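Spelled out from the first residue to the last, the chains are:
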There are 2 protein chains.
Amino acid sequence: MNNKEIQEERVRGYFLDATKNILKGEGLKGISVRSVAQEAGYSFATLYNYFKDINDLVFLCVKDFQQEISEFVDTQSGKARKPETKIAEKTLAYIKYFAEYPGIFELFYLTKAVDFNHKKESMEIITNSLDMICEKEWKAFDKGKGVTPKEIDHMRNLLRHTVIGMMLLYLNRRQPEDYLEFVKEAEKEINTILKLH
Amino acid sequence: MNNKEIQEERVRGYFLDATKNILKGEGLKGISVRSVAQEAGYSFATLYNYFKDINDLVFLCVKDFQQEISEFVDTQSGKARKPETKIAEKTLAYIKYFAEYPGIFELFYLTKAVDFNHKKESMEIITNSLDMICEKEWKAFDKGKGVTPKEIDHMRNLLRHTVIGMMLLYLNRRQPEDYLEFVKEAEKEINTILKLH
DNA sequence: TAAACATAATAAACAATGTTCAAATAATTA
DNA sequence: TAATTATTTGAACATTGTTTATTATGTTTA
């Protein structure tokens, strides 16, 4: 990478950081060509020298956020016991992350697919987001006797759908209204799906 | 209701119908003050004589759509057998409705709560949408022996969350890509939750 | 009937948004 | 230093939601 590329990459980073800050704070409603550029310290027109459009910039954040979520989940979940228990812990941490940053949930799950245009990579990161977080544990679960791979596949799908549905209703429809109640309900549903008691 | 009120109600109806048509066709992206007014046959400014703003108008559609969904589900689901079977059938029909009209899913579940402003009624219709559709069957289920009310409550929550999560991923993230596969997966998850085999 | 009034519909105007492009500025090179 | 290249930017345009003053229409009253 030559000097020019290094410098370009730096400027791109300023815009990316600005976008991430706004998303974590105000969410998508705070994002505009002008607000991002101001936060980055450039004119709004400069943005178009480094990114195709504002969507392009927003969806480039997906990768970084998935990384951040992964790290957050690791700090939250305890030391290894049964894989199912670990999956339950990680999934709950996953939920708590999005409850803290609703703007990132919005970006991951509530933006329309058509806005992604040709950002197939970001799309796939999101689709597999939770599964990737628990990848190791699902594999370990698979090795343990008594559950067929098909059943595990089914559990993983069910878990993903339930978690996303719960978050959607809580973050977008205020149901349940109370955070603690939300977490309690989430624990209960996760445990049911994973057959933990 | 005097003549004036009747006529006002009629004009409101024209705008409402226009909005519903656009939502069923193009979805929220097709909605604008100008497009709705054009479809209704009025100037865009006229809209503000009858509705607070464009959001007001859009959220007034919720009630009508919930009614329409309810009727659709009734035509789709067969004659009564076990309540659980009926719930499964109705839930699948519910899913199929939204798969046909993604714009209405968008309106029901993907719009931000803050946009609802003071439209608490629309909000509650949505929150209880699926539960209302299957209300009778859940009650019948409750009367059948062998399942506690608490367990039923839990099943209802789990079903709601899973269904919404599935629809979100299919309609917003194209996962699974294929409609038939989506329906098959939905059936499987619904049956698991309702303990049907 | 004609003037005064009330109501309904609208056009004009404004602010905020995304985007493009030519001009201005900064950096590099001969 | 002058010329060239690269980067940054302001001006401009289209589209959006919303407000407000004006027009058009119908009704009431002197």
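Residues numbered from 1 in each chain as written. Chains lettered and ligands numbered in written order. Predicted model: local features only at pLDDT ≥ 70, side-chain atom pairs only at ≥ 80, totals over all residues. Heavy atoms only, no water.

### Some details on the interface of chain A and chain B
Worth spelling out the cut-off: Here, two residues are considered to be in contact whenever any of their heavy atoms come within 4.5 Å of each other. The buried area of a pairing is the accessible area, by a 1.4 Å probe, that goes missing from both parts when the two are put together, added over both. Any carboxyl oxygen of Asp or Glu within 4 Å of a side-chain nitrogen of Lys or Arg constitutes a salt bridge here. Two N or O atoms form a polar contact when they lie within 3.5 Å of each other; inside protein one atom must be a possible hydrogen donor and the other a possible acceptor, and for residues adjacent in sequence the pair counts only when both atoms belong to side chains. In this text, helices come from DSSP runs of H or I with a minimum length of four residues, and strands from runs of E with a minimum of two, each type numbered from the N-terminal end.
On the side of chain B, 31 residues touch chain A, which itself brings 31 residues to the contact. When the two sides are added together, the surface that chain A and chain B hide from each other amounts to roughly 2900 Å², 59% of it contributed by carbon and sulfur. Its largest share of buried area at the contact with chain B, chain A owes to A:His154, A:His161 and A:Arg173, together 24% of the area lost on that side. Where chain A touches chain B, the interface holds 0 salt bridges. Run the count over chain A and chain B and you get 17 residue pairs in polar contact (both at pLDDT 80 or more). Considering every element that reaches the side of chain A that touches chain B, the biggest residue donor is helix H10 (residues 149–173) of chain A, with 13 residues.

### With respect to the relation of the copies chain A and chain B
Counted only if it meets this: To line up the copies, we fit them by least squares on C-alpha atoms, keeping just the residues with pLDDT of at least 70 in both.
For the pair chain A and chain B, the superposition axis carries a translation of 0.0 Å, the fit reaches an RMSD of 0.0 Å, and the rotation angle comes to 180°. The superposition operator between the copies reduces to a two-fold rotation axis. When you check the interface residues of chain A against chain B, 100% turn up at the interface there too, and the contact is symmetric in its surfaces.

### Quick look at the protein's contact with DNA strand C
Let me state the cut-off plainly: Note on terminology: near, applied to a residue and a molecule or strand, indicates that one of the residue's heavy atoms is within 4 Å of it.
In the vicinity of DNA strand C lie 18 residues, with A:Val33, A:Arg34, B:Ser43, B:Thr46 and B:Tyr50 positioned nearest. Sugar and phosphate atoms represent 52% of those atoms of DNA strand C found within 4 Å of the protein. A:Val33 places a polar main-chain atom, nitrogen or oxygen, 2.8 Å from a phosphate oxygen of DNA strand C. At a separation of 2.8 Å, a phosphate oxygen of DNA strand C approaches a polar backbone atom of B:Ser43. Taken together, the elements giving at least two residues each to the surface near DNA strand C come down to helix H2 (33–40) and helix H3 (44–50) of chain A together with helix H3 (47–50) of chain B.

### A look at the domain arrangement of chain A
Residue and element names in this part refer to chain A. Filter applied, for reference: What counts as a domain boundary in this text is fixed by an automatic or database domain assignment.
The domain boundaries assigned to chain A delineate domain 1 (1–51) and domain 2 (55–193). With centres defined by C-alpha atoms, the gap from domain 1 to domain 2 works out at 27 Å. If you look at the interface, domain 1 gives 12 residues, while domain 2 gives 15 residues. Buried surface at the junction of domain 1 and domain 2, summed over both partners, amounts to about 1200 Å²; 77% is from carbon and sulfur atoms. It is Leu-23, Lys-24 and Leu-28 in domain 1 that bury the most area against domain 2; as a group they hold 50% of the surface buried on that side.

### Side note on the packing of helix H4 (residues 54–76) of chain A against helix H6 (residues 102–110) of chain A
Residue and element names in this part refer to chain A. So the rule is basically this: To define axes, lines are fitted to C-alpha atoms, for helices over the stretch in contact only, and angles between the resulting N-to-C directions are given on a 0 to 180 degree scale. In a left-handed crossing the near helix is turned counterclockwise from the far helix by less than a right angle, and in a right-handed crossing that turn is clockwise.
Viewed as axis vectors pointing N to C, H4 and H6 meet at an angle of 115°, and their least axial separation amounts to 11 Å. For the pair H4 and H6, the sense of crossing is left-handed. Contact residues: Val-58, Phe-59, Cys-61, Val-62, Phe-65, Gln-66 and Ile-69 in H4; Ile-104, Leu-107 and Phe-108 in H6.

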